[in-house]
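Each chain is listed here by its residues.
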Amino acid sequence: MPHTGHATRATPVWALKLAVVTGLVGVAGGIAGVSVWLALQLIQFVAFGYPFGGHLEAADAPSALNRFLALVAAGVLTGFAWWALRRWGRPIVSVPAAVDGKRMPALATVANAGVQILAVGLGASIGKEVAPREIGAWLAQLVTARAGLTARETKILVACGAAAGLAAVYDVPLGGALFAVEVLLGELTFATALPAFATSAVAAFVARLVIPDEVLYHVPAMHLSPSLLVWAVIVGPVLGFAGVGFVKLTNRLQGLAPKGWHLLVVLPVVFAMVGLIAVPFPEILGNGRALGLVAMNSSLDAGSVAGLSPIVFLLVLGVIRTITTSATIGAGAVGGTLTPSIAIGSAVGGGLGGLWLLLWPTDGPSLTAFAFIGAAAFLATTMRAPFTALVLVVEFTQQGTDILIPSLLAVSGSVAVGYVLARRRSAQMV
């Protein structure tokens, strides 16, 4: 029986036990991140011949035929796997449900995460971040099951385990900690912040023992300018509307996803269509890193790409990525929208920033700062988590401190729009 008395729980023995359990949850999160990374590396080695290590993905494959065939294979394999899992496996428990106390079935959870990584590794237009969160939460439940913790302590540590998986796979310890307290728990107190910081730090350290310490998005330095400042104020609400629209679209399509044997038909067809689109536009494939890199390294003086100017090219890619990610989710695939949101936001931000530079030029033609701000503002809206979103983009790029002022303004505008629209929707439902 767990002890519940205040005096008993305040003893050094209890504090030591809680610290040990917290450390074990962090280690579990690190294991979740490493396992996902290793699985992804193996899949991409088999499919594209990539060496182990690094951030290469399906979009980097030079052969259009290889990319297309990989997507076709992904549709067939994952379609059958998800159909079988949903027919014969136990119901999948989401991370929020696990945080609220529902037990995650071991085999179904691991299998579901594995199919997600297979899809992303072969080029599906979704994020990989759900898989390490699910495995991290499941392992955290195992660690805390017999530790004699209260329901609240268990809830906090399961949320921290899920966030630690995110921190480990992307090497974003601060972003992972904020994800736990802002998104999963919705509570920033000492009771939530301390274990969140500790578990994410431990998980990131464990992951670095295996995963190479590399920047996810290599981007040039960015600097503040009056033009960028004014643009951020204007574009924030625009990206807020776009982010709300993206969330509504994906949620609606997810609700219409095929059931039963229909999944065996719809998913391969949609994946094949994405593969055809990726022949001229490979940047829309995979986790979203390829598109984010293109957007954050674009400039107005660059030559045309695919016969399009840099501005039009980025805006087209943003629209196409929105369609392919939404269609993939609507076809019945399971995956995240975190990194796809960064890809879409950076492309749209870069494109709109290019148009702005035609009206108010700055010292240079680079679109990097506009793409960075666009990624942060769009992600903040889709996650409904401004602190986590901005910190994640900063950690992904290891840049952005010089443009925090316009970034904060854009994020404020985008999140405010999302909040107002949510309030209006709630009022209409009453």
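Remember, predicted model here, so these are calculated numbers, not experimental data.

Please clarify how the pattern of salt bridges should be interpreted in this entry.
When their charged atoms lie close together, side chains carrying opposite charge are able to pair. One pass over the full model with this rule turns up four salt bridges. For Glu187, the salt bridge goes to Arg152, with nearest N and O atoms at 2.7 Å. Taken together, the residues span a long stretch of sequence, with Glu187 in the loop between helix 8 (173-184) and helix 9 (190-208) and Arg152 in helix 7 (residues 151-170) at a distance of 35 residues. Judged by relative accessible area, which is 42%, Arg152 ranks as partly exposed. Of the charged contacts, one joins Asp171 and Arg208 as a salt bridge, the two residues approaching to 3.1 Å between their closest N and O atoms. One end of the pair, Asp171, is in the loop between helix 7 and helix 8; the other, Arg208, is in helix 9, and 37 residues separate them in sequence. Residue class for Asp171 comes out buried when judged on its relative accessible area of 18%. Residue classification places Arg208 among the partly exposed positions, given a relative accessible area of 46%. Through salt bridges that share partners, Asp171, Arg208 and Asp213 make up one connected network.

Can you help me understand a nonpolar patch on the surface in this one?
Where nonpolar side chains cluster on the molecular surface, the patch consists of Leu224, Leu229, Val230, Val233, Ile234, Leu359, Trp360, Ile405 and Leu409 and spans about 800 Å² of accessible area. Secondary structure elements with two or more residues in the nonpolar patch: helix 10 (226-255) and helix 17 (404-429). Looking at which element gives the most residues to the nonpolar patch, the answer is helix 10, with four residues. Turning to its location among the elements, Leu359 is positioned in helix 14 (residues 338-359).

Please explain the side chain of Glu134 as it appears in this structure.
Within the secondary structure layout, Glu134 lies in helix 6 (residues 130-144). Despite being buried, Glu134 has no salt bridge partner; Arg133 is the closest side chain of opposite charge, sitting 7.6 Å away. Here the side chain of Glu134 touches Asn112 through a polar contact of 3.3 Å, side chain to side chain. Ignoring any residue separated from it by four or fewer positions in sequence, one finds Glu134 in contact with Val95, Met104, Thr109, Asn112, Ala113 and Gln116.

When you look at the confidence of the model for the chain in this model, what are you seeing that I'm missing?
Fine structural detail should not be taken from predicted coordinates in areas where pLDDT scores are low. In the predicted model, the chain carries a mean pLDDT of 92, and 95% of its residues have values of at least 70. Counting interchain partners and residues more than four positions distant, the pLDDT-below-50 stretch residues 1-7 has five contacts.

Can you walk me through helix 16 (residues 386-397) in this structure?
Counting along an α-helix, one turn takes 3.6 residues, and residues three or four places apart therefore face a common direction. Over its 12 residues, helix 16 extends 17 Å from the first C-alpha to the last, a length consistent with the 16 Å expected when each residue adds 1.5 Å. Those residues of helix 16 that sit buried are Thr388, Ala389, Leu390, Val391, Leu392, Val393, Phe396 and Thr397. One or two residues past the end of helix 16 sits Gln398, with phi positive at roughly 55 degrees.

Sorry, what's going on with helix 11 (residues 262-277) here?
Relative to the 22 Å expected for 16 residues at 1.5 Å per residue, helix 11 spans 23 Å between its end C-alpha atoms, a close match to the ideal helical length. Three or more residues of helix 11 are buried, namely Leu263, Leu267, Pro268, Val270, Phe271, Ala272, Val274 and Gly275. Elements that come into contact with the buried residues of helix 11 comprise helix 3 (64-88), helix 5 (106-121) and helix 13 (310-330).

Quick question: what am I supposed to make of the nonpolar core here?
In terms of nonpolar packing, the biggest core is built from 118 residues, with Trp82, Phe271, Leu285, Leu338, Ile342, Leu379 and Phe396 touching the most fellow members. Looking at this core element by element, the count peaks at 11 residues for helix 15 (residues 368-383). Setting aside its immediate chain neighbours within four residues, Phe396 contacts Tyr170, Val172, Val215, Leu216, Tyr217, Leu338 and Ile342. Ranked by size, the runner-up nonpolar core spans seven residues in total, among them Trp37, Ala164, Ala168 and Ala207.

What is the right way to read the environment of Val270 from this model?
Mapped onto the fold, Val270 is located in helix 11. Judged by its relative accessible area of 14%, Val270 is buried.

Would you mind going over the environment of Gly89 with me for this structure?
Among the structural elements, Gly89 can be located in the loop between helix 3 and helix 4 (95-99). Separated by 16 residues in the primary sequence, Gly89 and Pro105 place their C-alpha atoms 9.2 Å from one another.

Rules of the game
- Residues numbered from 1 in each chain as written.
- Predicted model: local features only at pLDDT ≥ 70, side-chain atom pairs only at ≥ 80, totals over all residues.
- Heavy atoms only, no water.
- Salt bridge = Lys/Arg side-chain N within 4 Å of Asp/Glu carboxyl O.
- Helix = DSSP H or I, 4+ residues; strand = E, 2+ residues; numbered from the N terminus.
- Buried < 20%, exposed > 50% of the residue type's maximum accessible area, 1.4 Å probe, protein only.
- Patch = residues over 30% accessible without salt bridge, like charges linked within 9 Å, V, L, I, M, F, W, Y side chains within 5 Å.
- Areas by Shrake-Rupley, 256 points an atom, 1.4 Å probe, with all protein chains shown as cover.
- Lys, Arg positive; Asp, Glu negative; His and termini not counted.
- Polar contact = N/O pair within 3.5 Å; in protein donor to acceptor, adjacent residues only side chain to side chain.
- Contact = heavy atoms within 4.5 Å.
- pLDDT = per-residue confidence, 0-100.
- Expected span 1.5 Å × (residues − 1).
- Core = buried A, V, L, I, M, F, W, Y, C linked by side-chain atoms within 4.5 Å.

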